[in-house]
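# Remarks on the overall topology
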Amino acid sequence: MTRTERDALGAVEVPEAHHWGAQTERAIANFPVGSERMPTEIIVALARVKEAAARLHKAAGRLPEAKADAIIAAAREVAEGRHPGEFPLVVWQTGSGTQTHMNVNEVIASLANERLTGRRGGKAPVHPNDDVNLGQSSNDCFPTAMHVAATLLLTERLLPALEALEAAFRAKAEAFADIVKIGRTHFMDAIPLTLGQELGGHAQALADAKARVEGVLPRLRRLAQGATAVGTGFNAPRGFAADMAAELSRLTGERFEPAPSPFEALAGHDTLVELGGALEGVAVLFHRIACDIRLLASGPRAGLGELRLPENEPGSSIMPGKVNPTQCEMLTMVAARVIGNAAVVSFAGAQGQLQLNVMKPVIADAILQSIRLLADGADSFRLRCIDGLAPNRARIAELVERSLMLVTALVPEIGYDRAAEIARLAHAEDLSLREAAMRLGHLTAERFSELVDPQAMT
């Protein structure tokens, strides 16, 4: 069953079961591209924009109270996720996000009309353009939604996830502070450090990565709302930019402010490009950490075998008893996607010609996917890998005892060349460093023991 809806191009048949209108139905037909739906966070943020605008228009007498209240109630329902099936459009649409913006306008108008008249759809008494979109444009609503959505997802999901992962690494660093192990550079043996020092380095890197993401927030909190079509604010009430920033701050619990230049806010998305770079930095770090943990846990008998990972699931369909570093592999794949998304955001951010960037939807999709993936990946890696991480103390001690690079402790006493001679003899004839030093006559056993103390070397 359908009903007839109309837009500027004429009549369109729309499924009676849905709230969207003519423009949404046309977009379904005109953009059969891919399967990536517009991110839910964008729909929610647009609904918050509509609620905030209706509240301001009601207070100023620009909308009748009953009409404004119906819009406010409908927008809140959308923001609460009560109508997920009403937003069918894909990311691959016009570069301003107009189709999705009108989808939201039409659904909110229909919900409001059903509340007021018992009939869904239509343009009376609530009109999707004249009432729901009063004083607004796709060109300022969509970038506002991008900033609001990214801010909320960062503060509610990613930043807490990074903080928790950092805390998990710090706890392990403290617990393993007394475990002396061999260091490695160039994949080759190096002088000792403690396992606590190694894991503590990851904790600090996570703190720094979190700080870089937080550093983007002051610019991300600047909103384009009030700029309307080209930045001049034409057809928006005086002071609307500041009022909308204040109202959205109240509705979301986050602090927003008007963009200092509305023209920049429409034409450029350099802040989101900057955020993409910060997220890429997190991804690069995640990849490094996951690879280190996986390498240290390799084996269990033919690899390094210094760490024991939680055994979460069987690892092979053919090799019984095999357990793989699955959480590490998950995190490296997350990193790959986020690094790719950063390239998408950078390219799309460069497509700001004259008064408008026309790749907004793909920027929003890439940024929000990256935030979600990093947050989920960090939580899963912490809960299913780092929290259960354990040292193989016997293996660590064995490798330290056999390390040739402990010879570095002898350099101040006997010089680089003689120390190198000891190491080369020990390696060539499979001797301990002590045995090689004594055979060459460079040191007594007692003096060797005094100089070579792995714990002191850390």
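Residues numbered from 1 in each chain as written. Predicted model: local features only at pLDDT ≥ 70, side-chain atom pairs only at ≥ 80, totals over all residues. Heavy atoms only, no water.

Here we come to the overall build of the protein. Summing up its helical and strand segments, the protein has 19 helices and 10 strands in all. For a compact globule of 458 residues, the expected C-alpha radius of gyration is about 23 Å, and the protein comes in at 30 Å, more than 25% above that figure. Each principal axis of the C-alpha distribution contributes one length, and for the protein these read about 100 × 50 × 35 Å. The buried share of the protein, taken over its 458 residues, is 51%. Of the contacts formed within the protein by residues at least 6 apart in sequence, a portion of 72% connects residues at least 24 apart. Counting every atom, the protein has about 20,700 Å² of accessible surface; 53% of that belongs to carbon and sulfur. Looking at the protein, you have 47 positive and 55 negative side-chain charges, and the mean spots of the two groups are 3 Å apart. (Helix = DSSP H or I, 4+ residues; strand = E, 2+ residues; numbered from the N terminus. Rg over C-alpha atoms; globule rule 2.2 N^0.38 Å. Buried < 20%, exposed > 50% of the residue type's maximum accessible area, 1.4 Å probe, protein only. Contact = heavy atoms within 4.5 Å. Areas by Shrake-Rupley, 256 points an atom, 1.4 Å probe, with all protein chains shown as cover. Lys, Arg positive; Asp, Glu negative; His and termini not counted. Charge placed at Lys NZ, Arg CZ, Asp CG, Glu CD.)

Checked against the element boundaries, N113 lands in helix 4 (residues 98–117). Accessibility expressed as a relative area gives 0% for N113, which makes it buried. Apart from the residues within four sequence positions on either side, N113 is in contact with G118, R119, G121, G122, K123, A124, P125 and V126.

An ideal rise of 1.5 Å per residue puts 28 Å on 20 residues; helix 4 measures up with 27 Å between its terminal C-alpha atoms. Counting buried residues in helix 4 gives 15 out of 20 residues, a clear majority hidden from the surface. With its phi angle positive at about 85°, G118 sits one or two positions after the end of helix 4. (Expected span 1.5 Å × (residues − 1).)

Once that is clear, we can look at the nonpolar core. Residues I42, F169, L275, I293 and F381 are the most contacted members of the largest nonpolar core, which totals 107 residues. Sorting elements by how many residues they give to this core places helix 6 (residues 138–175) first, with 18 residues. Apart from the residues lying within four places of it in its own chain, the contact partners of L275 are A150, L154, V213, V216, L220, I367 and I371. Counting residues in hydrophobic clusters, the runner-up holds 19 residues, among them I414, L425, A436 and L443. (Core = buried A, V, L, I, M, F, W, Y, C linked by side-chain atoms within 4.5 Å.)

Bringing the pattern of salt bridges into the picture now. Evaluation of the coordinates by the stated rule reveals 30 salt bridges. Note that E114 is salt-bridged to R120, the shortest N-O span being 3.2 Å. Between E450 and R447 there is a salt bridge, with the nearest N and O atoms lying 2.7 Å from each other. You can see E450 and its partner R447 sitting in helix 18 (residues 445–451), 3 residues apart, about one turn around the helix. Shared partners join several salt bridges into a network, and the residues in it are R48, E51, R55 and R76. (Salt bridge = Lys/Arg side-chain N within 4 Å of Asp/Glu carboxyl O.)

A word on the environment of A241. Mapped onto the elements of the fold, A241 is located in helix 9 (residues 240–252). Given the relative accessible area of 26%, A241 is considered partly exposed. Taking the C-alpha atoms as reference, A241 lies 9.2 Å from P262; in sequence the two are 21 residues apart. Apart from residues no more than four positions distant in its own chain, A241 is found in contact with Q225, G226 and P258.

Let us now look at the packing of helix 11 (residues 270–296) against helix 13 (residues 360–386). Relative orientation of the contacting elements helix 11 and helix 13 amounts to 25°, with a least axis distance of 10 Å. Of the possible angle classes, the one that applies to helix 11 and helix 13 is roughly parallel. Our pair here, helix 11 against helix 13, has a crossing hand that is left-handed. Between helix 11, through L272, L275, G276, L279, V282, A283, F286, I289, A290 and I293, and helix 13, the contact on the second element is made entirely by I363, I367, S370, I371, L374, A378, F381, C385 and I386. Looking at side-chain class alone, the contact of helix 11 with helix 13 contains 17 nonpolar, 2 polar and no charged residues. (Axes fitted to C-alpha atoms, helices over the stretch in contact; angles between N-to-C directions. Parallel < 35°, antiparallel > 145°, perpendicular 65-115°, else oblique. Left-handed = near helix turned anticlockwise from the far one by under 90°. Nonpolar A, V, L, I, M, F, W, Y, C, P; charged D, E, K, R; others polar.)

We now examine the pairing of strand 2 (residues 10–15). Pairing analysis gives 6 bridges linking strand 1 (residues 2–7) to strand 2, with the strands arranged antiparallel. Bridge pairing in strand 2 places R3 opposite V14. Between strand 1 and strand 2, which pair antiparallel one after the other, the connecting turn spans 2 residues. (Pairing = 2+ DSSP bridges.)

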